[in-house]
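Coordinates in review
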Amino acid sequence: MELPAASDSVHLAAYRPSVPPSASSGNKTPEGFNESGYYQCYGDGSTVTSRGSDTLTGYETLDTLPHYDFYANTEMMGRQRRFRPSLYQLYANPEDYSRPPMYEETAGEQMEGGDSYEEHKDEQKEPPPEPTRFGWVQGVMVRCMLNIWGVILYLRLPWITAQAGIGLTWVIILLSSFITGITGLSTSAIATNGKIRGGGTYFLISRSLGPELGGSIGLIFAFANAAAVAMHTVGFAETVTDLIHENGAVMVDHTNDIRIIGIITVTCLLGISMAGMAWESKAQILFFLVIMLSFASYIVGTIIPASPQKQAKGFFSYKADIFAANFLPSWRGTEGSFFGMFSIFFPSATGILAGANISGDLKNPTVAIPRGTLMAISWTTVSYLIISATIGSCVVRDASGVLNNTLSSSSSSEDCVGLACQYGWDFSKCINNSTCIYGISNYYQSMSMVSAFTPLITAGIFGATLSSALACLVSAPKVFQCLCKDKLYPLIDFFGKGYGKNDEPLRGYLLTYVIAACFILIAELNTIAPIISNFFLCSYSLINFSCFHASITNSPGRKLRDDAGPSPKAVEKASSDSHVTWLNQRKVKSFYRGVVATELRSGVNMLLQGAGLGRIKPNVLLTGFKKDWHSDTPQASHKYIGILHDAFDLRYGVCVLRMREGLDVSHPSKSHINLGFDGGPEGINTSNTSSVSTDPEPQPSTVFQKKQGKKTIDVYWLSDDGGLTLLLPYLLTRRKRWAKCKVRVFVGGETDKKEKQREEVLALIKKFRLGFHDVEVLPEIYQNPQPRNVHQFENMVGHFRLDKNPQQDSEPGPPRQQEEPWMITDQDLERNKAKSLRQIRLNEVLQDYSREAALIVITMPVGRRGVCPSTLFLAWLDFLSSNLRPPVLLVRGNQENVLTFYC
C-alpha cells in the first residue's frame, strides 16, 4: 500500500492538532483521556473510527496547539479548563491497557482537585467566595515597616548609639540596610519573574533552586521567625515590667515578671492570628498609626527645652558638644564591640520579608512585593538614621537622675567629670562608680524620657513590639506550611494542613507558639537578638545566592555522556578528571557523569536515572541524529528509537540535533564521539575499549562556536509540549554568540483566522517574558505535500517494508513482525499516513521559510510504541530535517511546563 499523493483523498487540513474538547460523549482511553473529539474526518467524509479498529490510533491528532490553559493554574468561571495530553498518551501503544510508567504524571493526575469532566458536569452557579487579599501598601509596605520598627528601635537603638557612637551606628544601620536592600532586590527579582503563590521566601527559593535545597533554608527561616516572635514579645514584656516596677509593684522579680507577661502576651497574639488574616491586618493598621504618633511625640520632645527633671536624666535638647562627644564610640561591657552591636541591631532590619511571607494573601504579588519592600527599607533606614542622630545630639551617655546633682557655685568645676558639667550638672560620683542609671548608655527607655508625651512612646513600643511579634507569628506558619506540603521531611506534613477559605495553618500557629514560648523563657533581649541575627543572615545569603544563580547561569548546561566498555580500564577512564578538564578549558558550565555499560541503550538508561541532584537534575536528553540508519543494521536503529522511548518513560524531554556538516573534524577525539550514532551497528563495542582515548583534543568546529550576527532562529511551535521548544532558543540567545539573533516563531493556523491566532500566540509568549515579538501563522502547514516528495519518502522506507504473502502467513511460529519489530507493514503505513504526509509537508515549509536561518527549532513528532515502527519514526525525523543548510534541533518536551507565568 502506497502513501497517497496530493491528489488522493487524504488531506492534511483534516488533521490539524486541536485542544481537548469538552464533549460529553465519546470513548475514554485507559488513561482517562477523552479521545472522541480527536478523530477527525478523512477527505472522503469518513472518520477514522468508521474505517475499522485497525486504524484507530488517535495518533495523528492527539497533539495540541499551544493554549493559555496549559500554563495557567486557575480556572475560568463558566467553562471547563483544558489540559494537554500527557506524554504517555502520546507515545504509548493504545492497545496497552496497563498503567503508565511510575515516572509518568498522567492527565488524569493533573486534573486532580476537580478538573476532570465528570467533576465539571454541573458548572458552578456562583463563583466561590474570594478570600481576603491585600494591596502593596497594606499588605507589604506597612507590614514590613511595622516588622522593622520593632523592639530594637525603641529599647536598644539609643543604647547602641552610646556604645558605637553616632558615626559607627550609622555604619551599622547602613550595613544592615545594604544587606536587606540587596536581599529585597533579589526577592523582588524572583517575585517579578512570574506569578507566585503562598509560602513566601521558602516558595521563592525552593522553586528557584529546588525543594531539596530550599527546604533547609525554609526550615531555618521559619524557625528564625518563630524566635523573632519571642524577641519582640520580650521587648514588650520588658517595657511593661519597667512600668510596673516604677509604680512600686512587683509580681516575683524582674526576670520572672518578663517571663509571665511574655507568655500571656504571646497567647493573646496567637488568638488574634488564628482569628484570620482580616483581623490581623486591621490590628496592623492600628499599630502603624500609634507608631506614627509616637515618632511625632519624640521629635517634638527633642525640640522642647529640657526641664530640670529631664536634665537630671541626661537630656539637654540639641547641643553641638553632645553630638561631637557621642559621635565617637565608647565600648562598655562584654557586648561592647562593633560586631556585638551589629548582632543586636540587625534583627531590627529583618522585617523586609514580612510581605513576601504572605505572598498567597496579596492581590498582585508581582507588583506588591518589590514596591512595598523597597519603600519600607528606604523609609525605615531614614528613620533609624534620624533617631540615632537626634538622640545622640540631645542626651549624654551617663546621668544619675538625681535633682540634687547640680553643679553648685561652691563646688569646683575642675573636679567635675562628664559633659554635663558644662550645663550645670555634676554626675561625677555615679560616673566614677559606674552606678549611673540614666543616660543613653544605661537607660533603655531614653526615647520615652525625651518624648513630649511619654505615654505615646510607651504606646509606640507596644505597637512596634506587638505588631512585629504578630507579623512573625503569621509568617512562620505560612512558610512552614508550604515546606510541609512539599513533604521534604518525615512526619512534619501534619503541620501543613490548612483550614478555612484562606487555608490558615492553625497547627503551624500552635507549633510557632510553642517555639516562641521557649525563647521567651530566656527573658533577655540581648541574648535572643544575636541568635536571630545568625538565622536571618543565613536566610538572606541563600536568597541572594538563588537570585545570583538564576542570573549567572544562562543555560542549564549539563552533559548525558558515556564511555566505552565495562572493562577496568574503561571504568578508570570514566572516573578520570580528563573530561572535567576538557569542559573547564572550554568554559562549559556543566556537571560530568561517566557511565560504563555494555551497550548504548542500557548506558543511557543508567545515566538518565542517576544524573543530577534535586532540582539540579537534567530533564532533557540531547542526542545526535543517527544519520547512518539506512546503511546500519535495523537493530541499531531500533535501539536508537528505544533510547528516545526510555527517555519518555523517565519523563525526560528529548532533543535531536542534526547538522548538515555533522560534528566531524579531520581527526576527531574518539572520546567525544557517540559510537551508537557514528561508530558501528551495535552502538558501543566493548571489544575496542583499549583503542578509545579520553585525552582532551581540539573541539570540533561548528556553527555553535561562531558568532551568528543578525541572523534568525526559526522556531516552529507546532504542538504544545510544555514550552521546551520556546525555552531552548531563549537560552541560546542569552549567549554572546547568538545574542544578536532574532527569534521568529511559526505556528499552524487557519487562513481566515490568521491575525486573531497570531495575537493569541503573541499574548501567550508575552506572558512568558521571553522577548519574542515576531510570530507568523502558517496555514500552508496543513496542505498536502508535492507528489515527488511523497515518492521520495516511499523509497526511503521501501527497504524496511514487510512483504506479506499467504505462504508466509500460513507458516507456523510467530509472525515476522514480532521477530523484526522495525519492519513496516501496510497496516503501519495506513495508520500513520497522515503523520507521514505531515512530515513531508513540513520539510517543504522549512525549505521555503528557513533556508537562511542560523538555526531551526521544531517540535519533534512522537511515534506511538507498537503502532509506529522504529524505522518509520526515523524516516519521519530524517525527511523532516533533510536537505537543510542550517542545523535542525528537533524538540519534544515531556508535556510538563518548563515555561510558566508563575515564579
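Below you will find a few notes about this structure. No experiment lies behind these values; they were computed from the predicted model shown.

1. As for the pairing of strand β5 (residues 712-716)
Taking burial as the measure, the 5 residues of β5 include 5 buried ones, the bulk of the element. Both faces of β5 are covered, namely the face carrying Thr-712, Asp-714 and Tyr-716 and the face carrying Ile-713 and Val-715. In this fold, the crossover linking β5 to strand β6 (residues 742-748) by way of helix α25 (residues 724-733) has right-handed handedness. Relative to strand β8 (residues 855-859), β5 is paired through 4 bridges, and the arrangement is parallel. Following the sheet pairing, Ile-713 is matched in β8 by Leu-855.

2. So, the side chain of Thr-183
Position of Thr-183 among the secondary structure elements: in helix α6 (residues 157-191). Polar contacts involving the side chain of Thr-183 include one to the side chain of Asn-544, which spans 3.3 Å. Setting aside chain neighbours within four positions, we find Thr-183 in contact with Ile-352, Tyr-540, Ile-543 and Asn-544.

3. Overview of the sheet that holds strand β7 (residues 774-778)
The strand order across the open sheet formed by 7 strands is β3-β4-β9-β8-β5-β6-β7, and the pairing between neighbours is mixed. Strand pairing shows two members of the sheet lacking a second neighbour, β3 (620-624) and β7, which therefore form its edges. Recorded for the sheet is a direction-independent mean angle of 20° between the axes of neighbouring strands. With 4 bridges connecting them, β8 and strand β9 (residues 888-892) associate as parallel partners. Along β9, the bridge assignment pairs Ile-858 with Leu-890.

4. Observations concerning a positive patch on the surface
Together, Lys-587, Lys-589, Lys-707, Lys-710, Arg-735, Lys-736, Arg-737 and Lys-740 give the surface a local cluster of positive charge. In this structure, Lys-587 sits in the loop between α21 (578-585) and β2 (596-597).

5. With respect to the pairing of β7
When β6 meets β7, the two strands line up parallel, connected through 5 bridges. Residue Arg-744 lies in a different strand from β7, and its bridge partner there is Asp-774. Considered for its hand, the β-α-β crossover made up of β6, helix α26 (residues 754-767) and β7 is right-handed.

6. Focus on the state of the cysteines
Throughout the structure, instances matching the rule amount to 2 disulfides. Bridging Cys-430 to Cys-436, the disulfide has an S-S length of 1.9 Å. Between Cys-430 and Cys-436 the disulfide shows an S-S torsion of about 75°. By sign, it is right-handed. Across the pair, Cys-436 and Cys-430 agree in class, each one buried.

7. What about a nonpolar patch on the surface?
A contiguous nonpolar surface patch, about 440 Å² in accessible area, is contributed by Ile-299, Ile-303, Tyr-318, Val-382 and Ile-386. Elements supplying a minimum of two residues to the nonpolar patch: α10 (277-303) and α14 (365-394). Along the chain, Tyr-318 turns up in the loop between α11 (308-312) and α12 (320-327).

8. Some words on the environment of Ala-312
Within the secondary structure layout, Ala-312 lies in helix α11. Accessibility expressed as a relative area gives 0% for Ala-312, which makes it buried. When residues no more than four places from it in sequence are discounted, the contact partners of Ala-312 are Ala-399, Ser-400, Gly-401, Val-402, Leu-403, Trp-425 and Phe-427.

9. A few points about the pattern of salt bridges
By the definition in use, this model includes 16 salt bridges. Across the pair Asp-632 and Lys-626 runs a salt bridge, and its minimum N-O distance is 2.7 Å. Note on Asp-632: relative accessible area 10%, which makes it buried. A relative accessible area of 0% means that Lys-626 is categorised as buried. Shared partners join several salt bridges into a network, and the residues in it are Lys-626, Asp-628 and Asp-632.

How each quantity is defined
- Residues numbered from 1 in each chain as written.
- Predicted model: local features only at pLDDT ≥ 70, side-chain atom pairs only at ≥ 80, totals over all residues.
- Heavy atoms only, no water.
- Buried < 20%, exposed > 50% of the residue type's maximum accessible area, 1.4 Å probe, protein only.
- Helix = DSSP H or I, 4+ residues; strand = E, 2+ residues; numbered from the N terminus.
- Right-handed = clockwise from strand over helix to strand, strands pointing away.
- Pairing = 2+ DSSP bridges.
- Polar contact = N/O pair within 3.5 Å; in protein donor to acceptor, adjacent residues only side chain to side chain.
- Contact = heavy atoms within 4.5 Å.
- Axes fitted to C-alpha atoms, helices over the stretch in contact; angles between N-to-C directions.
- Patch = residues over 30% accessible without salt bridge, like charges linked within 9 Å, V, L, I, M, F, W, Y side chains within 5 Å.
- Areas by Shrake-Rupley, 256 points an atom, 1.4 Å probe, with all protein chains shown as cover.
- Salt bridge = Lys/Arg side-chain N within 4 Å of Asp/Glu carboxyl O.
- Lys, Arg positive; Asp, Glu negative; His and termini not counted.
- Charge placed at Lys NZ, Arg CZ, Asp CG, Glu CD.
- Disulfide = S-S within 2.5 Å.

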